[in-house]
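Okay, here's what each chain looks like letter by letter:
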Amino acid sequence: MERQLLIRDVYAREILDSRGNPAIEAEVLAGEDVVGRASVPSGASGRQNNASEPGEGGRGRECGIRQAVENINSRAAEEIIGRNVFCQAEIDRALLRAAGGPGERDPENSALLSVSIAAARAAGKALRLPLYRYLGGVRAVNLPVPVMNIMNAGSCRDSQPGIREFMIVPAREGRSFCGQLRMCTEVCHSLQHVLKDRGYFAAAGEDGALSAAVRDVREALRMIRDAAERRGYRMGKDLWFALGASAPEGDDPDRQAYAPGVEKQSQVWTTEERIRYYEELISEFPVCSIEDPLDREDWDGWRILTERAGNRVQLVGDALFAADAERIKKGRSLGAANAVLVRANRISTLSGVFQVIRTAQEAGYRTVISRSPGETEDPFIADIAAAFNAGQIKAGAPCRSEQTSKYNRLLRIGEKMEGPETERD
């Protein structure tokens, strides 16, 4: 017999995100006293298909958040009050009907997704199940590997093809999640000392990663390698490099031309030159992953890069796929990329998140669940990554509560999945 517990109330409020900007938190009351709560990152990603609210960070965005809260407390509440909290797909369809379809702006997506997750949390609480187990059931058996951003590009992006994030990825073999996290944290702390010794001033960015005006990409990678060695770890054995690239403004995918940076607009990288540059880095350093190496519309370039380097390195589509199942299918048919980065706040409901992850996994892509701009302390992406065996999570540096909450949540989940930490860690 299908279990029933009716939703009695829905309430949304404004809260503050990690940048001090307004965000949305939602609560769902099921039955007499079961409450699920969730908050979703508010920030615009700047992607073409995820338009930001006018006046982002200012009055325009505040009005957008306020309107989204009002919509939840009126139209959305009317649609889902009285529904069975255990029928997630039905709840999500009702949310989309109340909103007139999937959200096209960040406040709309954040509002709908926060209610969707809050409903799932209430359902799990009613069954005395944590969110990851309620969502994943018996399939939730593996924790993701952290893809940790520890340095953001300074001036080096003016002379190199758009490398903006320098990340480390621990080897999974023989280590629990706790051991993997410890390695990454130690290297992150060690890097602060390396930068200081080399005369660099470094400040923490929004995701907690160090931001320094490093002269070029190779120097940044060497300093991270030195930081790892100071802690007794070897790059290529204990840890690997991962790079987050982006096509700088002014790129012209129709001409297959990439301007390398603001200060050198007269120089242009062709797609072929950009691909060769990545091949050189892969050959020189133990790089295991590159995110958004080419423009999102340079499908031919992605196909060529995947053919030439996809068997040696993970090529992650973030802007390329933009959490869009149809673009993922197109990428698979063209042979473009071999991994998908999923930012949940681009998607309006949990059902939509499930669809994107499932589409990627069925297409043979690896999946990386990622934090988003304007994060909150809600660790729901940790539960999603664990529930669907995503394989990897990109939650930022081990700094500030909006990042550490995700890692701490995975540590708690790991106690259930992996048991107590062993001496090998």
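Residues numbered from 1 in each chain as written. Predicted model: local features only at pLDDT ≥ 70, side-chain atom pairs only at ≥ 80, totals over all residues. Heavy atoms only, no water.

- As named in an unreviewed UniProt entry, the protein chain is Enolase, taken from Candidatus Mediterraneibacter tabaqchaliae.
- Turning to the protein chain, the UniProt record has this under Catalytic activity (unreviewed entry): "(2R)-2-phosphoglycerate = phosphoenolpyruvate + H2O".
- For the record of the protein chain, the UniProt heading Sequence similarities (unreviewed entry) holds the text "Belongs to the enolase family." (UniProt positions renumbered as here; feature names shortened; annotations may be inferred.)

Some words on the side chain of Glu165
Next up, step 1: Within the secondary structure layout, Glu165 lies in strand E6 (residues 163-170).
Next up, step 2: Given a relative accessible area of 11%, Glu165 falls into the buried group.
Next up, step 3: A polar contact of 3.4 Å, which involves the side chain of Glu165, links it to the side chain of Arg164.
Next up, step 4: Apart from residues lying up to four places away in sequence, Glu165 is in contact with Asn149, Met151, Asn152, Asp207, Ala242, Leu243, Gly244, Glu291 and Lys394. (Helix = DSSP H or I, 4+ residues; strand = E, 2+ residues; numbered from the N terminus. Buried < 20%, exposed > 50% of the residue type's maximum accessible area, 1.4 Å probe, protein only. Polar contact = N/O pair within 3.5 Å; in protein donor to acceptor, adjacent residues only side chain to side chain. Contact = heavy atoms within 4.5 Å.)

Quick look at helix H6 (residues 217-230)
Next up, step 1: Its 14 residues place the ends of H6 20 Å apart at the C-alpha level, agreeing with the 20 Å of an ideal helix rising 1.5 Å per residue.
Next up, step 2: Of the surrounding elements, those touching the buried residues of H6 are strand E5 (148-152), E6, helix H5 (177-197), strand E9 (239-245) and helix H7 (271-284).
Next up, step 3: Among the residues of H6, the N-terminal cap falls to Asp216, whose side-chain oxygen and the backbone nitrogen of Arg218 are separated by 3.1 Å. (Expected span 1.5 Å × (residues − 1).)

Quick word on empty space enclosed by the protein
Next up, step 1: Considering all chains together, one arrives at two cavities of 30 Å³ or more under this definition.
Next up, step 2: Its volume calculated, the largest cavity comes out at about 50 Å³.
Next up, step 3: Lining of the largest cavity is provided by Val147, Met167, Ala242, Leu243, Ser289, Glu291, Gln314, Val316, Leu341, Val368, Gln392 and Lys394.
Next up, step 4: The residue makeup of the lining of the largest cavity, split by class, is seven nonpolar, three polar and two charged.
Next up, step 5: As for the second largest cavity, its lining consists of Pro41, Arg343, Ala344, Asn345, Ser370, Arg371, Ser372, Glu375, Phe380 and Ile381. (1 Å grid on protein atoms, 1.4 Å probe; cavity = no way out; pocket = protein on both sides within 12 Å on 5 of 7 lines; lining within 4 Å. Points joined across faces, edges and corners; volume = space filled by probe spheres on them. Nonpolar A, V, L, I, M, F, W, Y, C, P; charged D, E, K, R; others polar.)

Observations concerning the nonpolar core
Next up, step 1: Counting 123 residues, the largest nonpolar core has Leu135, Met151, Phe166, Leu191 and Ile384 as its most contacted members.
Next up, step 2: Sort the elements by how many residues they give to this core and helix H3 (residues 106-126) lands first, with 11 residues.
Next up, step 3: With sequence-adjacent residues up to four places away left out, Met151 is seen in contact with Arg164, Glu165, Phe166, Leu191, Leu195, Ala209, Leu210, Val214, Ala220, Met223 and Ile224. (Core = buried A, V, L, I, M, F, W, Y, C linked by side-chain atoms within 4.5 Å.)

Structural notes on helix H12 (residues 401-417)
Each full turn of the α-helix corresponds to 3.6 residues, which orients residues three or four apart in the same direction.
Next up, step 1: Taking 1.5 Å of rise per residue, 17 residues should cover 24 Å, and H12 covers 24 Å from first to last C-alpha, within 8% of that figure.
Next up, step 2: The set of residues buried in H12 consists of Glu402, Gln403, Ser405, Lys406, Tyr407, Arg409, Leu410, Ile413, Gly414 and Met417.

Structural notes on the packing of H5 against H12
Next up, step 1: H12 packs onto H5 with a crossing angle of 150 degrees between their chain directions and a minimal axis gap of 9 Å. The angle between H5 and H12 places the two elements in the roughly antiparallel class. Together, Phe177, Cys178 and Leu181 of H5 and Tyr407, Leu410 and Leu411 of H12 make up the contact between the two elements.
Next up, step 2: Among the residues making up the contact of H5 with H12, the classes are represented as six nonpolar, no polar and no charged. (Axes fitted to C-alpha atoms, helices over the stretch in contact; angles between N-to-C directions. Parallel < 35°, antiparallel > 145°, perpendicular 65-115°, else oblique.)

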